[in-house]
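Each chain, written out:
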Amino acid sequence: MTIVPHHGPIDPLQEVMPWARHYVEVMNWPIFVLGHAKTTLRNCDACYVAGPEHDREQCACLTCHGFYAATRDLERLERMLRVGRSSGGGLLALRTGRASGITVIDAESSGDVVDDGAGGNLVTGLDVLDEWEQWVGEGRELGRTLRARTRSGGLHLFYLTGEERIKSRGRVLPAVD
């Protein structure tokens, strides 16, 4: 899951919907809505108690099941934004992975301490991107791609991976997911 950057007060009709329209119509991205503190919106009561036979991918409930609710239907997205706004949220998020064919590298602006033999060194994800080949080896450079600044000052790099399965492993390098 990747947060699509947004700043300031959220008005789903005047400010966020043009971005949603762009992501769906131009980028062909499946989008869903996050609530307060970048958390998924709450499942309805029926989905909350549903057993393992409940198909999250096919569920017709508006905002249930987090990223499974991702859609390219703008009317549905607008309704989702209204629900998200009523719960103190309303951030747009992109469904990543096989379902969308998109993989995102998330470079944090905050750092991780890396043992450098002299007591540690604070390295941010942005530092790692600047020195990518030193971290992953010569000839393994990052390709040109769409980039977006995150709310915290980090950076998301978007890559088309199609049907290829890319395993999400959390930290893959210091301050990089």
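Think of each chain on its own: its residues are numbered from 1, step by step along the sequence as written. In view of the model being predicted, local features appear only for residues whose pLDDT reaches at least 70, and side-chain atom pairs are presented and counted only at 80 or more, with totals across whole chains, interfaces and linings using the full set of residues. Hydrogens are left out, water is left out, and the side-chain values use all remaining heavy atoms of the structure.

(A) Representation of the overall build of the chain. Strands here mean DSSP runs of E at least two residues long; helices mean DSSP runs of H or I at least four residues long; both are numbered from the N terminus. Of the regular secondary structure elements, the chain holds 5 helices and 8 strands. The secondary structure elements of the chain, listed N-terminal to C-terminal, are β-α-β-α-α-β-β-β-β-α-α-β-β. Relative accessible area decides the class of each residue, using a 1.4 Å probe on protein chains only: under 20% of the type maximum gives buried, over 50% gives exposed, and in between gives partly exposed. Buried residues in the chain amount to 40% of all 177 residues. Working rule for contacts: check all heavy atoms of both residues, and any pair within 4.5 Å makes them a contact. In the chain, once contacts between residues fewer than 6 apart in sequence are set aside, the share between residues at least 24 apart is 63%. Here the chain displays about 10600 Å² of accessible surface, and carbon together with sulfur accounts for 48% of that area. Only the protein chains shown count as cover for residues, and all accessible areas are computed by the Shrake-Rupley method using a 1.4 Å probe.

(B) Structural detail: the pattern of salt bridges. A side-chain nitrogen of Lys or Arg and a carboxyl oxygen of Asp or Glu constitute a salt bridge if their distance falls within 4 Å. A complete count under the given rule lists 3 salt bridges for this structure. A salt bridge links Asp-45 to Arg-42; its shortest N-O distance comes to 3.3 Å. Among the ionic pairs, Glu-57 bridges to Arg-95, the shortest N-O distance being 3.2 Å. Taken as a pair, Glu-57 in the loop between helix H2 (45-49) and helix H3 (74-86) and Arg-95 in the loop between strand E3 (91-94) and strand E4 (102-107) lie far apart in primary sequence, 38 residues in all. Using a relative accessible area of 42% as the deciding quantity, one classes Glu-57 as partly exposed.

(C) Spotlight on the packing of aromatic side chains. Classification of ring pairs rests on two measures: the distance between centres of Phe, Tyr or Trp rings, Trp counted by its six-membered ring, which must be within 6.5 Å, and the angle between planes, read as stacked under 30 degrees, edge-to-face over 60 and tilted in between. The full count for this structure, using the stated rule, is 4 aromatic pairs. Measuring from centroid to centroid gives 5.4 Å for Tyr-23 and Trp-29, while their planes differ by 20°, and the two rings are stacked. Each member of the pair Tyr-23 and Trp-29 is classed as buried. Ring geometry for Trp-29 against Phe-158: centres 5.2 Å apart, planes inclined by 20°, an arrangement best described as stacked. One end of the pair, Trp-29, is in the loop between helix H1 (12-26) and strand E2 (31-34); the other, Phe-158, is in strand E8 (residues 155-160), with 129 residues separating them in the sequence.

(D) Here's a closer look at the environment of Leu-77. With respect to the helices, strands and loops of the structure, Leu-77 is situated in helix H3. The spacing of Leu-77 and Arg-21 is 56 residues in sequence and 9.3 Å in space, taken between C-alpha atoms.

(E) Examining the sheet that holds strand E7 (residues 146-149) more closely. For two strands to be treated as a pair, DSSP must find at least two bridges joining them. Read from one edge of the open sheet, 3 strands run E4-E8-E7, paired in antiparallel fashion. Each of the sheet's edge strands pairs with one partner strand only, and the pair in question is E4 and E7. Each adjacent strand pair in this sheet contributes to an overall mean axis angle of 25°, direction not counted. To get an axis, fit a line to the C-alpha atoms, keeping to the stretch in contact for a helix; angles then go from 0 to 180 degrees between the N-to-C directions.

(F) Looking closely at the side chain of Thr-103. Tracing the chain through its elements places Thr-103 in strand E4. Counted as a polar contact is a pair of N or O atoms within 3.5 Å, where, for protein atoms, one must be capable of donating a hydrogen and the other of accepting one, and residues adjacent in sequence contribute only when both atoms are in side chains. Engagement of the side chain of Thr-103 in a polar contact is seen with the side chain of Thr-161, the distance being 3.0 Å. Sequence-distant contacts of Thr-103, defined by excluding residues within four places in its chain, comprise Leu-157, Phe-158, Tyr-159, Thr-161 and Ile-166.

(G) Summary view of the nonpolar core. Counting residues in hydrophobic clusters, the biggest one holds 25 residues, and the most contacted among them are Trp-29, Ile-31, Leu-77, Leu-92 and Phe-158. Of all the secondary structure elements, the ones that give two or more residues to this core are H1, E2, H3, E3 and E4. Here the element with the most residues in this core is H1; it accounts for 5 residues. Setting aside its immediate chain neighbours within four residues, Leu-77 contacts Ala-20, Val-24, Ile-31, Phe-32, Val-33 and Thr-71. Listed in part, the 11 residues of the second largest apolar core include Val-123, Leu-129, Trp-132 and Tyr-159. Side-chain atoms within 4.5 Å link the members of a nonpolar core, which is a set of buried Ala, Val, Leu, Ile, Met, Phe, Trp, Tyr and Cys residues.

(H) Spatial organisation of the pairing of E3. The alternating pattern of E3 places Leu-91 and Ala-93 on one face and Leu-92 and Leu-94 on the opposite face, and all of these are buried. As paired strands, E2 and E3 are joined by 4 bridges and run antiparallel to one another. The partner of Phe-32 across the bridge, within E3, is Ala-93.

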